[in-house]
Amino acid sequence: MNSPAMTSQSSTFAVSVSSIASPLRRRRNFPVVRAQVEPSDKSIEIMRKFSEQYARKSGTYFCVDKGVTSVVIKGLADHKDSLGAPLCPCRHYDDKAAEAAHGFWNCPCVPMRERKECHCMLFLTPDNDFAGDEQTITLDEIKESTSNM
Amino acid sequence: MRLCCPAATPVNKDLWDNSILKSETPVIVEFYSNWCGPCRMVHRVIDEVATEYAGRLKCFVLNTDADKQIAEEYEINVVPVVLLSKNGKKFDVVVGTMPKEFYVSAIERMLN
């Protein structure tokens, strides 16, 4: 687990990372390699719309680099396709299915809902150095900025 | 855009001992996952650092989706994480996404 002592965070630049440990951690010794496949258009569109709505609702903004926003939206869509829930794509899980069922890190995650902390940089408060000034993103923007992945 | 120069090298569990733990040169490793948006920003920084510190520092990236074993050994539960290591020992860990200067000053501390 990430204890506070391990982190070098400070400064106003820091994107908050919750140190709350997953209760679902368990050891697995077999590597699981999954090819990166494109999420479905349907899920991308659902997560795109959700992101726009939640940014407005929470008074947060997309990253000044919308490539970041695009990749995260696709990551949420990928998890929605594979797990049935938009599990945060910016964490590492021993057991993704168990985490998705647990719900803590399903977007919008508990730290986001409670403290507007999104270390995935999908929803940034205006005072964050990486925040842009937009709360909208088009499907074309998402496709274009992720076309070289 | 420079096309010629050293960028961060992928590392995995099979290469970990030789590339990281037995490296005579200080190393940094960025842990990332497939669909982590901010990891792409940190990638760019690590690539730049690889060029700027060529010969003095080795830069690696590790995909936690592909290498669960190393991710678990190092207790990675959030990405991106940048590990700084010297003489086979952890020197510092930077969790989350920081501006380039933040990584550079951590690297300078390790090299000096």
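As recorded in an unreviewed UniProt entry, chain B goes by the name Thioredoxin, listed as coming from Pisum sativum. Regarding chain B, the relevant UniProt record gives this comment under Sequence similarities (unreviewed entry): "Belongs to the thioredoxin family."

If you check an unreviewed UniProt entry, chain A appears there as Ferredoxin-thioredoxin reductase catalytic chain, chloroplastic from Pisum sativum. Recorded in UniProt for chain A, the comment headed Function (unreviewed entry) runs: "Catalytic subunit of the ferredoxin-thioredoxin reductase (FTR), which catalyzes the two-electron reduction of thioredoxins by the electrons provided by reduced ferredoxin."

## A short note on the sheet that holds strand E5 (residues 89-95) of chain B
Residue and element names in this part refer to chain B. Read across the open sheet, the five strands follow the order E1-E3-E2-E4-E5; overall the sheet is mixed. Every other strand in the sheet has two partners, leaving strand E1 (9-10) and E5 as the edge strands with one partner each. With six bridges joining them, strand E2 (residues 27-32) and strand E3 (residues 58-63) adopt parallel strand pairing. Counted as the bridge partner of Tyr 32 is Asn 63 from E3. The sheet contacts of helix H1 (residues 13-21) involve E1, E2, E3 and strand E4 (81-86), and relative to E2 the element is tilted by about 145 degrees. Lying on the sheet, helix H2 (residues 37-52) is in contact with E2, E3 and E4; it crosses E2 at an angle near 160 degrees.

## Topic: the state of the cysteines
Among covalent bonds in proteins, the disulfide is the one between the sulfur atoms of two cysteines. Using the criterion set out here, one finds two disulfides over all chains in the structure. Across the disulfide, A:Cys90 is cross-linked to A:Cys120 (sulfur-sulfur distance 1.9 Å). An S-S torsion of about 65 degrees defines the bridge between A:Cys90 and A:Cys120 as right-handed. Of this pair, A:Cys90 sits in the loop between helix H2 (66-83) and helix H3 (96-102) while A:Cys120 sits in the loop between helix H4 (110-115) and helix H5 (139-145); the two residues are 30 residues apart in sequence, bridging distant segments of the chain. Disulfide pairing is shown between B:Cys36 and B:Cys39; the S-S distance is 2.2 Å. Sign of the S-S torsion, about 85 degrees for the bond between B:Cys36 and B:Cys39, identifies this disulfide as right-handed. Neither residue differs from the other here; B:Cys36 and B:Cys39 are each classed as buried. A:Cys109 takes part in no disulfide bond, and the closest cysteine sulfur, belonging to A:Cys88, lies 6.3 Å away.

## With respect to the packing of aromatic side chains
Two descriptors summarise a pair of aromatic rings, namely the distance from one centre to the other and the angle between the planes of the rings. One pass over the full model with this rule turns up eight aromatic pairs over all chains. On the basis of an interplanar angle of 45 degrees and a centroid distance of 6.1 Å, the ring pair of B:Trp16 and B:Phe31 is categorised as tilted. On the criterion of sequence distance, the pair formed by B:Trp16 in helix H1 and B:Phe31 in strand E2 is long-range, its members being 15 residues apart. The class of B:Phe31 is buried, set by a relative accessible area of 1%. Centroid distance B:Phe102 to B:Tyr103: 6.5 Å. Interplanar angle 80 degrees. Geometry classified as edge-to-face. When its relative accessible area of 16% is taken as the criterion, B:Phe102 is described as buried. Feature note: the residues A:Phe50, A:Tyr54 and A:Phe123 constitute an aromatic cluster, connected by ring pairs. If you follow A:Arg91 out to its NZ or CZ, it ends over the ring of A:Trp105, 3.8 Å from the centre.

## A closer look at the packing of H2(A) against H2(B)
The axes of two packed helices give the description: the angle between them and the distance between them. At a minimum axis separation of 6 Å, H2(A) and H2(B) run at an interaxial angle of 135 degrees. Taken together, the axes of H2(A) and H2(B) are oblique relative to one another. In contact with A:Gly67, A:Val68, A:Val71 and A:Val72 of H2(A), H2(B) contributes B:Gly37, B:Pro38, B:Arg40 and B:Met41. Residue composition of the contact of H2(A) with H2(B), by class: five nonpolar, two polar and one charged.

Quick notes on the rules
- Residues numbered from 1 in each chain as written.
- Chains lettered and ligands numbered in written order.
- Predicted model: local features only at pLDDT ≥ 70, side-chain atom pairs only at ≥ 80, totals over all residues.
- Heavy atoms only, no water.
- UniProt positions renumbered as here; feature names shortened; annotations may be inferred.
- Pairing = 2+ DSSP bridges.
- Helix = DSSP H or I, 4+ residues; strand = E, 2+ residues; numbered from the N terminus.
- Contact = heavy atoms within 4.5 Å.
- Axes fitted to C-alpha atoms, helices over the stretch in contact; angles between N-to-C directions.
- Disulfide = S-S within 2.5 Å.
- Buried < 20%, exposed > 50% of the residue type's maximum accessible area, 1.4 Å probe, protein only.
- Phe/Tyr/Trp six-rings, centres within 6.5 Å; stacked < 30°, edge-to-face > 60°.
- Lys NZ or Arg CZ within 6 Å of the ring centre and 35° of its normal.
- Parallel < 35°, antiparallel > 145°, perpendicular 65-115°, else oblique.
- Nonpolar A, V, L, I, M, F, W, Y, C, P; charged D, E, K, R; others polar.

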